[in-house]
Amino acid sequence: MSTDNVTGPGQRVAGHIWRFADCEVDELRRELRVGGRTVDVEAKPWEVLHQLLLHAGEVVTKEELLESVWPGLTVVDGSLATAVSKLRKALGDDTMVVTLPRVGYRLAVPVLAKSPSPPTLPELHLSQGERVPGRDQWRLVRRLDLSPSSEVWLAEHPKTRETRVFKFAPDGVRLKSLKREVTLARLLRDSLGERPDFVRVLEWNFETPPYFVESEYAGPNLAEWAEAQGGLGKIPLERRLGLLVDVARAVAAAHDLDVLHKDLKPGNILISKGPDGKPQIKVADFGSASLLAPARLGALGITNLGFTHTGDAGTLSGTVMYVAPEVFAGQSPSASSDVYALGVLLYQLVVGDFRKPLAPGWEAEVANPLLREDIAEAACGDPARRMKSAGALAERLVNLDRRRQQRDELERARQREQIAQSKQTKARALRVRLALAGVAVLAIAAVIWSFYRSSHLPAAKVKTVAVLPFQNLSADPSLDYLRLALPDEIATTLSHTRGLAVRPSATTSKYGQADLDLQKAGREMGVGTIVAGHFIKAGDQLHITLEAIDLETNRVLWRDKIDAPAQSMIATQVQIALRVRGGLAPALGSPAATDTGGQPKNEEAYDLFLRSVAVPLDPTPNGEAVRMLERAVQLDPTYAPAWVALARRYYVEDHYASGNRGTMKRFDDAVERAFALDPNYIAAGAALVVSRVERGDLARAYQEAEDLVQRRPDSADAHFVLSYTLRFAGLLQESGSHCDAAFLLDAQTQTSGLRSCALVFLLRGDYPRMLNYLNLDRGSDFNKAISIDMLVRQGKEQEALQLGAPHIPQWASYDVLLAYIQHKPLAEIRGLTEAVQASDDPETNYLSAAHLAYSGQTDAALEMLRRAIKGNYCSFPAIESDPFFTNLRAKPEFGEIRSAAIECQNKFLAQRGQRPQ
């Protein structure tokens, strides 16, 4: 949908003109014209049409239509069907409104929305000195604001000299924003009490025109107040920041009630004098706001005035300078878009100019690195990476001095560490040999470069492919599991092809919508080619259509059709494998894929395997997938992909679910079986290395990982498991190099566990590089857990608390850490400490030791650290620099543990043929 004549900053014009096919809808006049002729439409069909126009191109569900068109009423589906039937009759074309069975409706024609020119307000002829209409005791003093939807006047009582603000609307169409403002003012007051940071609404008239809302006069707006102080730049920065803290806290309070302001700007922030004589902010003008949870109104007995279910959320409002990019792109406003506006306001307050937009290069004008960081996070263009809440912004600004001190302390600690390392290097000649490790890394990089040159591939990355979920065009929902299962088969076959980086289903599964923007999806996944398809069951046949699209040229590289017996998925798999190896892989510019080392032999087993693909990796459903796959490999023990899938499920079961100590033994058996069946299956080899590492067999793991890299230098999985081995050996510099190699080859690969490279850079104290890897897995409990580690190490304890505890049963030490920084009673912390159990994974034991040490649980921390090193998590020299062990280093036992860590590392170096340090 495109929009012409977009209004200027701060304007919001009601009454769009909508055009589609030969129809035109005048929103202001509630008029439908078909072929130039006005057609009568009843109220309910009209409301249905309005909702379909507001969501042009999208499916509007039956539930959304019923709630919007019959708000607060319980009606049968037949009422909606009748309204749609009448609407189709009025449009004169049954094909314009498409029914999606059991789902809803959508308009099937392109829609153009045109905003009219901003209207004048001929109904209002207000002038200075006149009586306020309907409030004769008040006199108009001066007009404060004029917009297409209202006039705002300052009025005064001639006898008492009291002042009030009146906002007038001339007609019923523009009354809606006044009703909205009153509704939200009542919600805020009844829920939060009389807060000084919100403008008080006193009276209103919604009965006779001109309609108005009467509120307190709260002083000049922020820009006017700053001018009266001699200009924004003349006000001390500390006071400017204090004002934004107050605004952010008020906005956070509104957000807690699911109220979005949607038009935060200096003009809507008023300044009065507080009881202590200091400036008091008041957030004004909720006329453009949204309420995300209308049920709150009913709970407080407040009439729902000024709101529809969906019509408000998608309307662009607000001053252009402060509108978040995703809102401009057509997404609905959210609490995050209010945070963006606060970020822009923070930038303007810091540089001392409300006229400056947040333009590229703004960083050069902000000298304070912490404020640069706060502005960048609050006003980030990507809402997924934007600061999470207005309250978080307020908290960061309040603690600016403490954050600066902590950053200075960390920098001094880093400098001391560098000096100490420099002295050690000069004192120990054997350190020279560590430089040889760097030469070895360069040699590995040269191998990668040589491979790419010989393969005519780019040096930095291989060709990237995503196989998206297929569309099920059948009316049979029992086949929905094939939407993920068929693409997974294609991805597995392609993974045997050199020079291709294939996105896993964990990455692609969320891109299953029918109207997907492929270019946008490709950018988000970082791929150059997308494979898409659909299937339909007709009788006893399954018809599958496949195509590969080159995103750079937007052309189809390859297309094919497969017809297979629906009752035999093995026959389908055989055809898919043949077409991919002989057709798709060459079309992608790669050699034909090699055989996968085995075909499924049992229909029931293969069906169970396919169904398991669609089961999420979350702990609860993961158990169901384990049972399916155990049955599958029992029926058909020769199919390697089923064994790898089962091994991954066992890993999730052990690390994030039950913690059954026998699970990892089953993991080991599964990956060994898969690798024996298919030695070319890199995923199986990589899983086997991970198993060796976590069992403490570093020497054998290193040999196998190095062999994988030599055989497949183009594989991100191979480089990752080599980095994983080196990480356990404590060789963080080398480990980081292989993490970077894997990242360059395929930053989106999640099956390789690339996100866990974040731990390498966490232990090195390189937090910006750590985030490169952690952000590969946004929203997960792993991301939350490691973010807590980073924030506490940076001294940002309050931000860590806002994340909450990760829900990972085997990581109970985070409960101890969070309780400690919340200053919980010592008895409670000790009780939580007793619940921390040693893990089969020595790296988990290391993290637990760090949390316990920081929380003052010294004896438990020392024991857990001993377990980590005994499990061959050498952690040297990390334990010498990790700030979590600062208080532990004074203990005599720590010296013994340090010696054990050095011995652990030296043993590994000797086993790989390098002289110990």
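Further up the page is the structure itself.
In this text, all values refer to a predicted model and were calculated from it rather than measured experimentally. (Residues numbered from 1 in each chain as written. Predicted model: local features only at pLDDT ≥ 70, side-chain atom pairs only at ≥ 80, totals over all residues. Heavy atoms only, no water.)

**Q** Is there a simple way to think about the nonpolar core in this case?
**A** One broad trend across soluble globular proteins is that nonpolar side chains are buried collectively. Ranked by size, the top nonpolar core spans 139 residues in total, and within it Leu482, Leu494, Tyr846 and Leu865 carry the most contacts. If near-sequence neighbours (up to four positions away) are discounted, Tyr846 is found in contact with Leu763, Leu865, Ala868, Tyr873, Ser875, Ala878, Ile879, Asp882 and Phe885. Grouped together as the second largest cluster of nonpolar side chains are 55 residues, Ile269, Ile271, Val350 and Ala392 included. (Core = buried A, V, L, I, M, F, W, Y, C linked by side-chain atoms within 4.5 Å. Buried < 20%, exposed > 50% of the residue type's maximum accessible area, 1.4 Å probe, protein only. Contact = heavy atoms within 4.5 Å.)

**Q** I keep staring at the pattern of salt bridges and nothing clicks. Help me out?
**A** Under the criterion given, the structure shown has 43 salt bridges. Close ionic contact of Arg579 with Asp560 constitutes a salt bridge, the shortest N to O distance being 3.1 Å. A residue pair is termed long-range when its members are at least 10 positions apart, and Arg579 in helix 17 (residues 569–587) and Asp560 in strand 25 (residues 555–565) qualify at 19 residues. Judged by its relative accessible area of 25%, Arg579 falls in the partly exposed class. We classify Asp560 as partly exposed; its relative accessible area is 21%. (Salt bridge = Lys/Arg side-chain N within 4 Å of Asp/Glu carboxyl O. Helix = DSSP H or I, 4+ residues; strand = E, 2+ residues; numbered from the N terminus.)

**Q** Is there a simple way to think about the side chain of Arg793 in this case?
**A** Position of Arg793 among the secondary structure elements: in helix 28 (residues 781–793). Look at Arg793 and you get buried, because its relative accessible area is 5%. Within the structure, Arg793 has its side chain in polar contact with the side chain of Asp789 (distance 2.8 Å). Not counting the four nearest positions on each side in its chain, Arg793 is found in contact with Leu410, Leu762, Tyr767, Ala850, Asp882, Pro883 and Phe884. (Polar contact = N/O pair within 3.5 Å; in protein donor to acceptor, adjacent residues only side chain to side chain.)

**Q** Explain the state of the cysteines to me, please; I cannot follow it from the model alone.
**A** Linking two cysteines covalently through their sulfur atoms gives a disulfide. For the structure on display, the rule yields two disulfides. Between the sulfur atoms of Cys874 and its disulfide partner Cys904 the distance amounts to 2.1 Å. Disulfide Cys874-Cys904: the torsion about the S-S bond is -65°, which places it as left-handed. Linking Cys874 in the loop between helix 33 (858–870) and helix 34 (878–881) with Cys904 in helix 35 (residues 892–911), this pair joins segments that are 30 residues apart in sequence. Each bonded cysteine of the chain is numbered by sequence order, and under that numbering the disulfide pairs are 1-2, 3-4. (Disulfide = S-S within 2.5 Å.)

**Q** Got a minute to help me understand the packing of aromatic side chains in this structure?
**A** Within the structure shown, the criterion is met by 20 aromatic pairs. Between Tyr724 and Phe728, the aromatic rings sit 4.9 Å apart at their centres with planes inclined by 50°, giving tilted as the arrangement. Placement of both Tyr724 and Phe728 in helix 24 (residues 716–728) is noted, with a separation of four residues, approximately one turn of the helix. Ring centres of Phe782 and Trp811 lie 6.0 Å apart, and the angle between their planes is 55°; on these two criteria the pair is classed as tilted. Taken together, the residues span a long stretch of sequence, with Phe782 in helix 28 and Trp811 in the loop between helix 29 (797–803) and helix 30 (813–821) at a distance of 29 residues. Look at Trp811 and you get buried, because its relative accessible area is 8%. (Phe/Tyr/Trp six-rings, centres within 6.5 Å; stacked < 30°, edge-to-face > 60°.)

**Q** Help me understand the packing of helix 14 (residues 482–494) against helix 18 (residues 603–613), please; the structure alone is not making it clear to me.
**A** A packed helix pair is summarised by two numbers, namely the angle formed by the two axes and the spacing between the axes. In the contact formed by helix 14 and helix 18, the axes pass within 7 Å of each other and the chain directions differ by 105°. Considering their axes alone, helix 14 and helix 18 lie roughly perpendicular with respect to each other. Here Leu482, Leu484, Ala485, Asp488 and Glu489 of helix 14 lie close against helix 18, whose contacting residues are Tyr606, Phe609, Leu610 and Val613. Per-class residue counts for the contact of helix 14 with helix 18 are seven nonpolar, no polar and two charged. (Axes fitted to C-alpha atoms, helices over the stretch in contact; angles between N-to-C directions. Parallel < 35°, antiparallel > 145°, perpendicular 65-115°, else oblique. Nonpolar A, V, L, I, M, F, W, Y, C, P; charged D, E, K, R; others polar.)

**Q** Quick question: what am I supposed to make of the sheet that holds strand 6 (residues 60–61) here?
**A** Strands pair in a sheet through their backbones, by hydrogen bonds, and they do so in one of two ways: parallel or antiparallel. The strand order across the open sheet formed by three strands is 6-8-7, and the pairing between neighbours is antiparallel. Of all strands in the sheet, those bounded by a partner on one side alone are strand 6 and strand 7 (97–100). Where strand 6 lies against strand 8 (residues 104–107), two bridges are found, and the strand directions are antiparallel. If you follow Val60 over to strand 8, its bridge partner there is Tyr105. Helix 1 (residues 43–54) rests against strand 6, strand 7 and strand 8 of the sheet, and its axis sits at about 70° to strand 8. (Pairing = 2+ DSSP bridges.)

**Q** Honestly, the pairing of strand 17 (residues 269–273) in this entry has me stumped. Any pointers?
**A** Side-chain direction in a regular strand flips from residue to residue, so the side chains alternate between the two faces of the sheet. Buried residues dominate strand 17, accounting for four of its five residues. Examined bridge by bridge, strand 17 and strand 18 (residues 279–283) share five bridges and lie antiparallel to one another. If you follow Ser272 over to strand 18, its bridge partner there is Gln280. Here strand 17 folds back onto strand 18 in antiparallel fashion, the turn holding five residues, of which Gly277 has a positive phi close to 85°.

Remember that the coordinates give geometry; whether it matters functionally is a separate question.
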